[in-house]
Amino acid sequence: MIIKLKKILIFLKRKILNEHILIDENSIKKPIASKSHYIKLFKEASNFVDTNVIELEKKLGHQIPKKWIDDLALHTQICVKKSKINYNHGRILYSVLKNYLHNFKEKNQDNNILILETGTARGFSAICMAKAINDTPEVSGKIITIDLLPTDIPMYWNIIDDHEKKKTRNELLSQWPKELSKIKFIKGKTNTVLKKINIERINFAFLDAEHEYNSVIDEYLFLKNKQKKDDIIFFDDVTPKKFPGVVQAINQIKKEGYYSVEFLNFTEERAYALAKKL
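Rules and cut-offs
Think of each chain on its own: its residues are numbered from 1, step by step along the sequence as written. The predicted nature of this model means local features are confined to residues of pLDDT at least 70 and side-chain atom pairs, given and counted, to a pLDDT of 80 or more, with totals for whole chains, interfaces and linings taken over all residues. To get the side-chain values, all heavy atoms of the structure are used, and hydrogens and water are removed first. Helix and strand labels come from DSSP, where a helix needs a run of H or I of at least four residues and a strand needs a run of E of at least two; each type is numbered from the N terminus. With C-alpha atoms as the basis for the radius of gyration, the globule rule is written as 2.2 Å multiplied by the number of residues raised to the power 0.38. Categorising residues by exposure relies on relative accessible area from a 1.4 Å probe, with only protein chains included: less than 20% of the type maximum marks a residue as buried, more than 50% marks it as exposed, and the intermediate range marks it as partly exposed. What makes two residues a contact is simply this: any of their non-hydrogen atoms within 4.5 Å. For the accessible areas, the method is Shrake-Rupley and the probe is 1.4 Å, while residue cover comes only from the protein chains on display. Just so you know, the count uses Lys and Arg for positive and Asp and Glu for negative, and it drops His and the chain ends. Note on charges: their place is set at NZ of Lys, CZ of Arg, CG of Asp or CD of Glu. Nonpolar cores are built from buried Ala, Val, Leu, Ile, Met, Phe, Trp, Tyr and Cys residues. Side-chain atoms within 4.5 Å join them into one set. Any carboxyl oxygen of Asp or Glu that lies within 4 Å of a side-chain nitrogen of Lys or Arg is treated as forming a salt bridge with it. Only strands joined by at least two bridges in the DSSP assignment are considered to pair. We call a crossover right-handed when, viewed with both strands directed away from the observer, the connection leading from the first strand over the helix to the second proceeds clockwise. Points on a 1 Å grid, built from protein atoms alone, make a cavity when a 1.4 Å probe fits but cannot get out and make a pocket when they are open with protein on both sides within 12 Å along at least 5 of 7 lines; residues with an atom within 4 Å of a point are the lining residues. Grid points are joined across faces, edges and corners, and a volume is the space filled by probe spheres set on the points. When residues are sorted by character, Ala, Val, Leu, Ile, Met, Phe, Trp, Tyr, Cys and Pro go into the nonpolar class, Asp, Glu, Lys and Arg into the charged class, and all the rest, Gly among them, into the polar class. How far a helix is expected to stretch is found by multiplying one less than its residue total by 1.5 Å.

Student: How should I be thinking about the overall build of the protein in this particular structure?
Tutor: Of the regular secondary structure elements, the protein holds 11 helices and 7 strands. Here the C-alpha atoms of the protein give a radius of gyration of 18 Å, agreeing with the 19 Å that 2.2 N^0.38 yields for 278 residues. The C-alpha extent of the protein, read off along each of the three principal axes, is 50 × 40 × 35 Å. Relative to its 278 residues, the protein shows a buried fraction of 54%. Intrachain contacts of the protein at a sequence separation of at least 6 include 73% that bridge at least 24 residues. Total accessible area on the protein is roughly 13900 Å²; 52% of this is exposed by carbon and sulfur atoms. Once the 48 positive and 35 negative side-chain charges of the protein are each reduced to a mean point, those two points are 2 Å apart.

Student: Just checking my understanding: could you explain the nonpolar core for this structure?
Tutor: As a rule of thumb, nonpolar side chains are buried together in soluble globular proteins. Among the nonpolar cores identified, the biggest contains 52 residues, and Y87, I92, F204 and F234 are the most heavily contacted of them. Sequence-distant contacts of F204, that is, excluding residues within four places in its chain, are made with L93, V96, L97, L114, I115, L116, M129, Q227, I232 and F234. With 30 residues, the next largest nonpolar core counts I146, V246, I250 and V261 among its residues.

Student: Sorry, what's going on with the pattern of salt bridges here?
Tutor: Close approach of charged atoms allows side chains of opposite charge to pair. Taken as a whole, this structure holds 15 salt bridges when the rule is applied. K167 is the salt-bridge partner of D161, the closest N and O atoms lying 2.8 Å from each other. For D161, a relative accessible area of 2% gives the class buried. Owing to a relative accessible area of 10%, K167 belongs among the buried residues under this scheme. Residues K165 and E171 are paired through a salt bridge, measuring 3.3 Å at the closest nitrogen-oxygen approach. Through salt bridges that share partners, K107, K229 and D230 make up one connected network.

Student: Honestly, the pairing of strand β5 (residues 232–235) in this entry has me stumped. Any pointers?
Tutor: Looking down a regular strand, the side chains alternate between one sheet face and the other. Alternating positions in β5 separate into two faces, I232 and F234 on one and I233 and F235 on the other, with burial throughout. The pairing of strand β4 (residues 204–207) with β5 spans 4 bridges and is classified as parallel. When the bridges of β5 are listed, F204 appears paired with I232. In this fold, β4 hands off to helix α10 (residues 213–224), which returns the chain to β5; that crossover is right-handed. Relative to strand β7 (residues 272–277), β5 runs antiparallel, the two being bridged by 4 bridges. Bridge pairing in β7 links F235 to A273.

Student: Just checking my understanding: could you explain empty space enclosed by the protein for this structure?
Tutor: Within the structure shown, the criterion is met by 1 cavity of 30 Å³ or more. The wall of the largest cavity is formed by L207, D208, A209, E210, H211, V216, E219, F235, D236 and V246. Across the lining of the largest cavity, the residue classes break down as 5 nonpolar, 1 polar and 4 charged.

Student: Just to check I follow, could you spell out helix α5 (residues 88–107) for this structure?
Tutor: In an α-helix, one turn spans 3.6 residues, which is why side chains three or four residues apart end up on the same side. With 20 residues, α5 extends 29 Å between its outermost C-alpha atoms, agreeing within 8% with the 28 Å of an ideal straight helix rising 1.5 Å per residue. For α5, the buried fraction is high: 14 of the 20 residues fall into the buried class.

Below, the structure written as structure tokens:
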């Protein structure tokens, strides 16, 4: 009942804002834009330069190849929406995770790590993180990612691939088989799934599911008892005007003192936060 109510609220928001939000496999009935329009959007997003991201990559010493991430973004990030398309979170995720893996392999004899993502969407972020694992051969890692959207049901995704046919998420990501092999997709509501899965440690987490205070806090409380010193939580969409609940939750997490928190206020529309376990 609660999930159905939330779907109705999201549907109403989509109508008001003219946003094509993916709620379930039936959200989009046909390709939304022409191929040429998707290509136009892609070129605009690909040419966007954020000097803050470049400086972070230089600081951490790790950078995802531009051609690689551009190709992935074309098939998973370039969509018709009201806000400006920005897939730099994939670049940041890769650099931050690669840096974590580099430090982890030097400090630990056990080379197995586990990553948790909430809010899979089309799979862009999970594939970027899987590449960081594959680019660190000394480490063996897996990614668990949770979303209400199914992995094995063909659907339209509001992307250029919709002009080929309805695709499952696995089909959508089939160009990246090595990365796909590192990922376990779980369908369900985040808090419900987290209560059922038995995980001893989560080295790195990317939280991008429900952008509300209580949801973020619930995910944090789950992670707090599953992480050790220097383990990381990466928060997306830490933007006060758009998602005040996310910002409020992270300020509360910082206040508790179990994590050091670094805010990455790169643009007004897109900001992030990194929490490191103390």
